[in-house]
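# Overview (structure and organization)
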Amino acid sequence: MTPDADAFFADPYAFYASWREAGGAYRVTLPGGLAGWVVTGHAEARAALADPRLRKDGANQRYLRRLGAEMPAPGGGLSAHMLNSDPPDHTRLRKLVQKGFTARRVQQLRPRVEEIATALLDEMDGRDEADLVESYALPLPMTVICELLGVPLADRAHFESRSRKMLAGEGSREEFFAALKESADYLKGLVAAKRAEPAGDLLSALVQARDDGDALSEQEVIAMVFLLMVAGHETTVNLIAGGVQALLRHPDQLAALRADPALLPGAIEEFLRYESPVNIATLRYTGEPVTIGGTEIPEGEFVHVALPGANRDPAVFAEPDRLDITRADAAAHLAFGHGVHHCLGAPLARLEAEVAFTLLLARFPGLREAEPGTEPAWQPNVRFRGLTALPVRLR
Ligand code: HEM
């Protein structure tokens, strides 16, 4: 079956609940044409994410072939990254950047993240209304990841518009491929610039690792930067905007958080559970027949792990559709995935969210929705659960 796209994006949870009840893995074609077996139970999703029989290597190319398209060169080079690899390639690629994203290293970024958030709030201050996505939730993680990598400030807009075309379901397949090619060309130029003039950033370190040994190929450097840029902002924006919207629509929860800021870390886990920023996890296919929740899936089939489904499984979370920032077990969510591909940037995302919520709530005591009661503007995109806009009144 294919669900109606508008109904699906407005409330994927209703679909996931019915598919969960129908069994461990449910055969469906998702809006946008993604066909395969959707896994929506928490236990099944957790097991599937860690199952080495579910492969990632070449999954994107397989998918495009099934649609009757080929990934054009050089755009195809962008997919040679860890999230599209299986061990041992995955292990080698992840190890190269793992050190830069440990909880300790990330905590050192806190003062700079606070400065960036403060500057964005200063720009909003004095206005009565703002789109929180455009003014705050998107530029904060975008600026942080660009600085970490060493992507020049002036190039952010270039990357942002292409990233939207590639990920947000905006535009045709031709535009998608054109955006891929432009990003690949752009990143190639950037790598050359860092080689000519190294700086103290992550991209310079990767270029150096490439030149000092054969730890990774040129194409892998480019794909790595692409992955970090995209994963570094397209998800955190949804956590910040989705979390703020959830709070504004639950005034009792907002009041509780304002009264006791020590609730914030738990609240962030609850936002991750309640509105998972990633919807369907990245592509996986069966390398051999695999049984999930009693359903046998033949070899060569796509398995789509629905993270929002897992995060609202009543077998794990009591009253899963209720937002409760004091929920003791919220952190059992799978919003950051599980297994070898568990989100590399989770400590950074949590830090950015902590800073974002703390400073936003302190700055605007009267923050509220500008258009209460209207339908939220969810992106029509099966990969992410993200708001396209969040109009708010600041005072
Ligand atoms: C992987 C979610 C922020 C970098 C993942 C996966 C999920 C996820 C679900 C696994 C996907 C799969 O297995 O199919 C999130 C969420 C975020 C977030 C919800 C924010 C709220 C970030 C940030 C970075 C990042 C800030 C910055 C560097 C990565 C990378 C991977 C990854 C590199 C691939 C890891 C691997 O393949 O070993 N993320 N992410 N993420 N994430 Fe995040």
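Quick note: structure is the one above.
Summary of the structure given here.

What counts, and where the lines are drawn
Residues numbered from 1 in each chain as written. Predicted model: local features only at pLDDT ≥ 70, side-chain atom pairs only at ≥ 80, totals over all residues. Heavy atoms only, no water. Helix = DSSP H or I, 4+ residues; strand = E, 2+ residues; numbered from the N terminus. Buried < 20%, exposed > 50% of the residue type's maximum accessible area, 1.4 Å probe, protein only. Contact = heavy atoms within 4.5 Å. Areas by Shrake-Rupley, 256 points an atom, 1.4 Å probe, with all protein chains shown as cover. Near = heavy atom within 4 Å. Polar contact = N/O pair within 3.5 Å; in protein donor to acceptor, adjacent residues only side chain to side chain. Nonpolar A, V, L, I, M, F, W, Y, C, P; charged D, E, K, R; others polar. 1 Å grid on protein atoms, 1.4 Å probe; cavity = no way out; pocket = protein on both sides within 12 Å on 5 of 7 lines; lining within 4 Å. Points joined across faces, edges and corners; volume = space filled by probe spheres on them. Expected span 1.5 Å × (residues − 1). Disulfide = S-S within 2.5 Å. Donors = N, O, S within 2.8 Å, 3.2 Å for Na, K, Ca; no water. Phe/Tyr/Trp six-rings, centres within 6.5 Å; stacked < 30°, edge-to-face > 60°. Pairing = 2+ DSSP bridges.

### Side note on the overall build of the protein chain
Assigned secondary structure in the protein chain consists of 18 helices and 12 strands. Counting only C-alpha atoms, the protein chain reaches 55 × 55 × 40 Å along its principal axes. Residues classed as buried in the protein chain amount to 53% of the 395 residues present. Sequence-distant contacts, at least 24 apart, represent 73% of the contacts inside the protein chain between residues at least 6 apart. Total accessible area computed for the protein chain in this model is approximately 16,500 Å², and 54% of it derives from carbon and sulfur atoms.

### A few points about the site of the ligand
Inspection of the region around the ligand gives 28 residues, with H90, T282, R284, H341 and C343 positioned closest. Note that a nitrogen atom of the ligand is positioned 3.5 Å from one of the backbone N or O atoms of A231. Contacts to the ligand include H341, whose side-chain N or O atom sits 2.7 Å from an oxygen atom. Looking at which element gives the most residues to the shell around the ligand, the answer is helix α13 (residues 218-233), with four residues. Counted by class, the shell around the ligand contains 18 nonpolar, eight polar and two charged residues.

### Things to note about empty space enclosed by the protein
A full pass over the atoms with the stated rule returns one cavity of 30 Å³ or more. Within this model, the largest cavity holds a volume of roughly 50 Å³. Lining the largest cavity, in full, are F8, F9, P12, N279, W378, Q379, N381, F384, R385 and G386. Partitioning the lining of the largest cavity into residue classes produces five nonpolar, four polar and one charged.

### A short note on the side chain of E275
As for its position among the elements, E275 is in the loop between α16 (264-274) and β5 (284-286). In this structure the side chain of E275 is engaged in a polar contact, spanning 2.5 Å, whose partner is the side chain of Y13. For E275, the side chain forms a polar contact with the side chain of R385, separated by 3.0 Å. Setting aside its immediate chain neighbours within four residues, E275 contacts Y13, R312, W378 and R385.

### Remarks on helix α11 (residues 173-196)
Given a rise of 1.5 Å per residue, 24 residues ought to cover 34 Å, and the 35 Å separating the end C-alpha atoms of α11 matches this to within 8%. Among the residues of α11, F177, A179, L180, S183, A184, Y186, L187, L190, V191 and K194 are the ones counted as buried.

### Describing the state of the cysteines
What the rule picks out here adds up to zero disulfides. No disulfide involves C146; its nearest neighbouring cysteine sulfur is the one of C343, lying 17 Å away. Assessed through its relative accessible area of 0%, C146 is described here as buried. Given a relative accessible area of 28%, C343 falls into the partly exposed group.

### Remarks on the coordination of the iron atom of the ligand
If you check the protein contacts of the iron atom of the ligand, you find one donor only, C343 (SG), at 2.3 Å. In this fold, C343 is placed in the loop between α17 (307-310) and α18 (346-363).

### Here's the deal with the packing of aromatic side chains
Per the stated rule, a full pass over the model turns up nine aromatic pairs. Here F8 and F15 contribute two aromatic rings whose centre-to-centre distance is 5.7 Å and whose plane-to-plane angle is 55°, an arrangement assigned as tilted. For F8, a relative accessible area of 0% puts it in the buried group. Both rings, one in W19 and one in Y26, keep their centres 5.7 Å apart while their planes meet at 10°; by these two values the pair is stacked. You can call W19 buried: its relative accessible area is 2%. Overall, the relative accessible area of 26% leaves Y26 in the partly exposed class. Through pairs of rings, three or more aromatic residues link up here, namely F8, F9, F15, Y16, W19 and Y26.

### Looking at the pairing of strand β2 (residues 35-39)
Within β2, four of the five residues are buried, which leaves the element mostly enclosed by the surrounding structure. Taken together, the five bridges between strand β1 (residues 25-29) and β2 define a ladder with antiparallel strand orientation. Directly across from A25, in β2, lies its bridge partner V39. Hairpin connection, β1 to β2: the antiparallel pair is bridged by five residues, and G32 has positive phi, about 100°. As paired elements, β2 and strand β8 (residues 302-305) share three bridges and run parallel to each other. By the bridge assignment, W37 is partnered in β8 with V303.

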